[in-house]
Amino acid sequence: MTSRTFVMAKPDAVERGLVGEIVSRLERKGLTLVAAELRSVSQELAQEHYAEHADKPFYDELVAFLTRSPVFAMVVEGPGDDTWELCRILIGKTKVTDAQPGSIRGDFATTTNENLVHGSDGTESAAREIKLWFGDRA
Ligand code: CMP
């Protein structure tokens, strides 16, 4: 049983030239890209993507960050039903001081705000985010 999730190299990752490193880590794990694109993010898309954080103090900063420069959006597939979880392990913890060395954030991120990568946090959010970002194209 295969499953898919949404992963995004955020503006800081693209600006720092880390897209190849991020894709490589996903691929070396044994996961496959089934759709990907470098794209600018509108205010509306950023707000919709982070809708669950709308009442958080860091929301406006988060939307401004995501719209700052292009992101590399991906649909990632793996052989089991836990692809979203595998990706989250590769990505590392959200809080920068919790992100372990060996994870993408643990190896490359120095702040919680600009933490390089987003990965869906469950099966339902994966479906929602794949539809939001890729529509019928994935
Ligand atoms: P992400 O996994 O994309 O999901 C929500 C994002 O909010 C998170 O990564 C961080 O980039 C950002 N963020 C900024 N500040 C915080 C915070 N204090 N707690 C959680 N997320 C934060």
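Cut-offs and rules
- Residues numbered from 1 in each chain as written.
- Predicted model: local features only at pLDDT ≥ 70, side-chain atom pairs only at ≥ 80, totals over all residues.
- Heavy atoms only, no water.
- UniProt positions renumbered as here; feature names shortened; annotations may be inferred.
- Helix = DSSP H or I, 4+ residues; strand = E, 2+ residues; numbered from the N terminus.
- Pairing = 2+ DSSP bridges.
- Axes fitted to C-alpha atoms, helices over the stretch in contact; angles between N-to-C directions.
- Contact = heavy atoms within 4.5 Å.
- Core = buried A, V, L, I, M, F, W, Y, C linked by side-chain atoms within 4.5 Å.
- Buried < 20%, exposed > 50% of the residue type's maximum accessible area, 1.4 Å probe, protein only.
- Near = heavy atom within 4 Å.
- Polar contact = N/O pair within 3.5 Å; in protein donor to acceptor, adjacent residues only side chain to side chain.
- Areas by Shrake-Rupley, 256 points an atom, 1.4 Å probe, with all protein chains shown as cover.

1. A closer look at the UniProt feature "domain: Nucleoside diphosphate kinase-like" (unreviewed entry) in the protein
Argument step 1. In the numbering adopted here, UniProt assigns the feature "domain: Nucleoside diphosphate kinase-like" (unreviewed entry) to residues 2-137.
Argument step 2. Split by type, residues 2-137 is 42% helix and 19% strand. Its first and last C-alpha atoms lie 18 Å apart.

2. Focus: the sheet that holds strand β1 (residues 3-9)
Argument step 1. Spatial ordering of the open sheet is given by β2-β3-β1-β4, a layout of four strands whose pairing is antiparallel. Since the sheet does not close on itself, it has two edges, and those belong to β2 (32-39) and β4 (117-119), each with one partner. Here the strands of the sheet are splayed against their neighbours by 20° on average, with no regard to which way each runs.
Argument step 2. Pairing analysis gives seven bridges linking β1 to strand β3 (residues 71-78), with the strands arranged antiparallel. Bridge pairing in β3 places Met8 opposite Ala73.
Argument step 3. Helix α2 (residues 19-29) contacts β1, β2, β3 and β4 of the sheet and is inclined by roughly 5° relative to β3.

3. Regarding the nonpolar core
Argument step 1. The biggest cluster of nonpolar side chains holds 19 residues, and the ones touching the most others in it are Val7, Ile22, Leu26 and Met74.
Argument step 2. Judged by nonpolar contacts, the second largest core, of 17 residues, contains Val41, Leu66, Ala73 and Trp133.

4. Concerning the site of the ligand
Argument step 1. Taken together, the residues surrounding the ligand are Lys10, Tyr50, His53, Phe58, Leu62, Thr94, Arg105, Thr112, Asn113, Asn115 and His118.
Argument step 2. At a separation of 2.7 Å, an oxygen atom of the ligand approaches a polar side-chain atom of Lys10.
Argument step 3. In this structure, an oxygen atom belonging to the ligand sits 3.3 Å away from a main-chain N or O atom of Thr112.
Argument step 4. Burial of the ligand by the surrounding chains reaches 77%, relative to a free accessible area of 450 Å².

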